[in-house]
Amino acid sequence: MEIKVVKNVLKSNEDKAAENRRRMDVAGVLAVNLMSSPGSGKTTLLEKTIAALAPSRCAVMVGDLQTSRDAERLAADAVEVVQINTGKGCHLSAEQVSAGLDALALEDISYLFIENVGNMVCPTAFDLGEHLRAALLSTPEGEDKVAKYPVLFQRAHVILLTKIDLIGALGFNKGTVKADLSRVNTEAPLIELSAATGDGLGVWLEWLASKRTEIGK
Ligand code: MG
Ligand code: ZN
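So, here is what we can say about the structure in this document. Along each chain, residues carry numbers from 1 onward, in the same order as the chain's sequence is written. Written order decides the labels, with chains lettered from A and ligands numbered from 1. Side-chain atom pairs in this predicted model are given and counted only at pLDDT of 80 or more, local residue features only at pLDDT of at least 70, and totals for whole chains, interfaces and linings cover all residues. Just so you know, side-chain values use all the structure's heavy atoms and leave hydrogens and water out.

Quick notes on the coordination of the zinc ion (ligand 2)
Phase 1: Only nitrogen, oxygen and sulfur atoms count as donors, using a 2.8 Å cut-off from the metal that widens to 3.2 Å for Na, K and Ca. Water is left out, so coordination shells may look unfilled. Within the first shell, the zinc ion (ligand 2) binds the protein through Cys90 (SG), His91 (ND1) and Cys122 (SG), at distances of 2.0 to 2.2 Å.
Phase 2: Sequence spacing of the donor residues for the zinc ion (ligand 2), all on one chain, is C-H-x30-C. Placement of His91 in the loop between strand S3 (80-85) and helix H4 (94-102) and of Cys122 in the loop between strand S4 (111-115) and strand S5 (132-138) is noted, with a sequence separation of 31 residues between them. Only DSSP runs of H or I with at least four residues qualify as helices, and only runs of E with at least two residues qualify as strands; both kinds are numbered from the N terminus onward.

What follows is the structure, encoded as structure tokens:
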């Protein structure tokens, strides 16, 4: 009984996600869903990314349990920011993103970045209508996260190892991450970057541009 309810929820989410994707395709928007634990650097990466993509116009949808702090940080650079307070909800749903799309002038936007709720588990189960999924892992979280939360990394189109400037101080073992990734996802590139120093940001921006061309935006 319970399993059936879950299946129905996921099915209706998938239908809504497909509709979101069509709306964005018609408007020529490339949507990227960023997923990670809290504190891995999603907002900071977006601040840098949006500034670097100018004059391409970006919008951001920020999913947060309670606050609008991330949205406030991003509002300085982003063309448009939509805040989605999920209350107790620990992930964004396609329905919430659909309501967010209603608030955006899609025709004027090239990129939509969706900052999912900080959580490595259930956001992976909910297609939002994005074209690309980015999984972030920051060096302070430790090198065991790919093995512990494989689904997040398995479904990602790109894996971003953030706060790479701290790698020496933390004694973070990149080899473990690479070995674990070789078991769960051999397609997605691993991009090492630091929003603080700017290292690797160019690789990430090039990847975005190449995907934009590949998807035909
Ligand atoms: Mg954030
Ligand atoms: Zn959840």
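A word on the sheet that holds strand S7 (residues 190-192)
Phase 1: Strands are labelled as partners when DSSP assigns at least two bridges between them. Strand order in this open sheet of 7 strands is S3-S2-S4-S1-S5-S6-S7, and the pairing throughout is parallel. At either end of the open sheet lies a strand with only one pairing partner, and these are S3 and S7. In this sheet, adjacent strand axes meet at a mean angle of 20 degrees when their direction is disregarded.
Phase 2: Pairing analysis gives 5 bridges linking strand S2 (residues 58-64) to S4, with the strands arranged parallel. Bridge pairing in S4 links Val62 to Glu115.
Phase 3: In the packing of helix H2 (residues 42-53) onto the sheet, the strands contacted are strand S1 (30-35), S2, S4, S5 and strand S6 (158-162), and the crossing angle to S4 comes to about 170 degrees. An axis is simply a line fitted to the C-alpha atoms; with a helix, the fit covers only the stretch in contact. Between two such axes, the angle follows the N-to-C directions and lies from 0 to 180 degrees. By definition, residues are in contact when any of their heavy atoms lie within 4.5 Å.

Topic: the packing of aromatic side chains
Where two aromatic rings form a pair, the distance of their centres and the angle of their planes describe that pair.
Phase 1: Between 30 and 60 degrees the pair is tilted, below 30 it is stacked and above 60 it is edge-to-face, where a pair is any two Phe, Tyr or Trp rings, Trp via its six-membered ring, whose centres lie within 6.5 Å. Under the counting rule described, the total for this entry stands at 2 aromatic pairs.
Phase 2: Centre to centre, the rings of Tyr111 and Phe113 are 5.9 Å apart; their planes meet at 5 degrees, and the pair counts as stacked. With respect to burial, Tyr111 and Phe113 carry one shared label: buried.
Phase 3: On the basis of an interplanar angle of 15 degrees and a centroid distance of 6.0 Å, the ring pair of Trp204 and Trp207 is categorised as stacked. Taken together, the residues Trp204 and Trp207, both in helix H9 (residues 201-215) and 3 residues apart, mark about one turn of the helix. Here the two residues Trp204 and Trp207 agree in accessibility, since each one is buried. The cut-offs for exposure are 20% and 50% of the maximum accessible area for each residue type, with area from a 1.4 Å probe on protein chains only; residues under the lower value are buried, those over the upper are exposed, and the others partly exposed.

Details of the side chain of Thr124
Phase 1: Considering the arrangement of structural elements, one finds Thr124 in the loop between S4 and S5.
Phase 2: We classify Thr124 as buried; its relative accessible area is 8%.
Phase 3: Side-chain polar atoms of Thr124 contact the backbone oxygen of Val121, separated by 2.7 Å.
Phase 4: Those residues within four positions of Thr124 in sequence are excluded, and the remaining contacts are Met35, Val151, Leu152 and Arg155. By the criterion applied in these results, polar contacts are pairs of N or O atoms within 3.5 Å in which, for protein atoms, one can donate a hydrogen and the other can accept it, and in which residues neighboring in sequence qualify only through two side-chain atoms.

Remarks on the pairing of S1
Phase 1: Across the 6 residues of S1, 6 count as buried, placing the element largely inside the fold.
Phase 2: Side chains Leu30, Val32 and Leu34 of S1 all project onto a buried face; the interleaved residues Ala31, Asn33 and Met35 project onto the opposite face, where all are buried too.
Phase 3: Across 5 bridges, the pairing between S1 and S4 is parallel. Bridging across to S4, Leu30 finds its partner in Tyr111.

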